[in-house]
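Letter by letter, the chains look like this.
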Amino acid sequence: MSDLYVALIHHPVYDKNRHIVTTSLTNIDVHDIARSCRTFGVRGFYVVTPVDALRGLARKITRHWQDGVGSQYNPNRKQALDLVRLERTLEGVEIDIEVETGRLPTLISTSAKLSPDTTAFDAMRDELGRRAGPHLLLLGTGWGLTDEIVERAAFRLAPIEGSGDDYNHLSVRAAAGILLDRLHGKR
Ligand code: SAM
């Protein structure tokens, strides 16, 4: 199984008018996605934002659970938040992974939108099982990843689809758990 990493992208992402923005960091995103990453054997979870103050906030959150009172109170949460890494840019994430593994990661973009050239979950699962990797699963915030990032990705993962009507507005936290189970969960 290839080394799988996850990145939560706060810039560049779209807002509801398809303007490229920087979204704020949501504490619960860091916790919940870190817990999903730890559960599904992800090697590292990158929180990506160019805003120093927000990286400082993320560092404060993780430090509380890694070294602070939280680490005594809830060691399980410490194990999850130990996966969290902070980077300014996606390029910084790619370099960090290359330094750690000796190879640049293969990028996998995600979105709720249906589009013709997506890769089905089973095919992606096989790819992760086959390729040496590493692979980097890209999660967006706001109204999703920009076209520039999606086009850079080697794979555009199929969306998680709902049960029937066209409502499909999962939080990134909920989507992350489902995606990781489909790609790395026991079968
Ligand atoms: N319309 C945006 C889109 O489809 O990307 C919604 C953004 S959602 C609030 C934030 C992120 O959660 C998305 O960029 C994607 O990473 C993930 N996500 C949300 N719903 C998803 C779905 N149905 N399938 C796959 N990923 C999803």
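Quick caveat: nothing in here was measured; it's all calculated off a predicted structure. (Residues numbered from 1 in each chain as written. Predicted model: local features only at pLDDT ≥ 70, side-chain atom pairs only at ≥ 80, totals over all residues. Heavy atoms only, no water.)

S.K.: Describe the nonpolar core, listing the residues and the values that go with them.
M.R.: Ranked by internal contacts, the top residues of the largest apolar core, which has 36 residues, are Val6, Ile33, Phe45, Leu137 and Leu139. When contributions to this core are tallied by element, the ones reaching two or more residues are β1 (4-9), α1 (27-39), β4 (44-48), α2 (52-66), α4 (75-81), α6 (121-130), β7 (135-139) and α8 (172-184). If you look at the next biggest cluster of nonpolar residues, it comprises 16 residues, including Val13, Leu90, Leu138 and Val150. (Core = buried A, V, L, I, M, F, W, Y, C linked by side-chain atoms within 4.5 Å. Buried < 20%, exposed > 50% of the residue type's maximum accessible area, 1.4 Å probe, protein only. Helix = DSSP H or I, 4+ residues; strand = E, 2+ residues; numbered from the N terminus.)

S.K.: Describe the site of the ligand, listing the residues and the values that go with them.
M.R.: The local shell around the ligand holds 16 residues, among which Thr110, Ser111, Ala112, Ile160 and Asn168 are the closest. Contact distances for the ligand include 3.0 Å between an oxygen atom and a side-chain N or O atom of Ser111. Taken by itself the ligand offers 540 Å² of open surface, and the protein chains cover 88% of this. A majority-of-atoms criterion places the ligand in the largest pocket. Broken down by element, the shell around the ligand gets its largest block of residues, three residues, from α8. (Near = heavy atom within 4 Å. Polar contact = N/O pair within 3.5 Å; in protein donor to acceptor, adjacent residues only side chain to side chain. Areas by Shrake-Rupley, 256 points an atom, 1.4 Å probe, with all protein chains shown as cover. 1 Å grid on protein atoms, 1.4 Å probe; cavity = no way out; pocket = protein on both sides within 12 Å on 5 of 7 lines; lining within 4 Å. Sits in = over half its atoms within 2 Å of the grid points.)

S.K.: Requested: an account of the packing of α1 against α8, with residues and values cited.
M.R.: Close contact between α1 and α8 brings their axes to 9 Å; oriented N to C, the two are set at 5°. Judged on the interaxial angle alone, α8 and α1 are roughly parallel. In contact with Ile28, Asp29, Asp32, Ile33, Ser36 and Cys37 of α1, α8 contributes Val172, Arg173, Ala176, Gly177 and Leu180. Partitioned by chemical class, the residues of the contact of α1 with α8 number six nonpolar, two polar and three charged. (Axes fitted to C-alpha atoms, helices over the stretch in contact; angles between N-to-C directions. Parallel < 35°, antiparallel > 145°, perpendicular 65-115°, else oblique. Contact = heavy atoms within 4.5 Å. Nonpolar A, V, L, I, M, F, W, Y, C, P; charged D, E, K, R; others polar.)

S.K.: Describe the layout of surface pockets, and please don't skip the residues or the numbers.
M.R.: In this structure, the largest pocket encloses a volume near 650 Å³. Take the lining of the largest pocket: its biggest share by element is three residues, from α8. Its residues assigned to classes, the lining of the largest pocket shows 12 nonpolar, nine polar and three charged. One number sums up the size of the second largest pocket: a volume of about 180 Å³. Along the walls of the second largest pocket sit 14 residues, with Ser111, Lys113, Asp147, Val150 and Arg156 positioned nearest its centre. Grouping the constituent residues of the lining of the second largest pocket by class yields five nonpolar, five polar and four charged. (Points joined across faces, edges and corners; volume = space filled by probe spheres on them.)

S.K.: I'd love a proper account of the packing of α6 against α8, names of residues and values included.
M.R.: A pair of packed helices can be characterised by two numbers: the angle between their axes and the separation between those axes. In the contact formed by α6 and α8, the axes pass within 8 Å of each other and the chain directions differ by 60°. Classified by the angle between their axes, α6 and α8 sit oblique to one another. On α8, the residues touching Phe121, Met124, Arg125 and Leu128 of α6 are Leu179, Asp181, Arg182, Leu183 and His184. In the contact of α6 with α8, the residues fall into five nonpolar, one polar and three charged.

S.K.: Help me get a handle on the pairing of β7, residues and values and all.
M.R.: Summarising burial for β7: five of the five residues are buried, a large majority. Side chains His135, Leu137 and Leu139 of β7 all project onto a buried face; the interleaved residues Leu136 and Leu138 project onto the opposite face, where all are buried too. The pairing of β1 with β7 spans five bridges and is parallel. The residue of β7 that forms the bridge with Val6 is Leu137. Across four bridges, the pairing between strand β6 (residues 106-109) and β7 is parallel. In the strand pairing of β7, Thr106 is matched with His135. (Pairing = 2+ DSSP bridges.)

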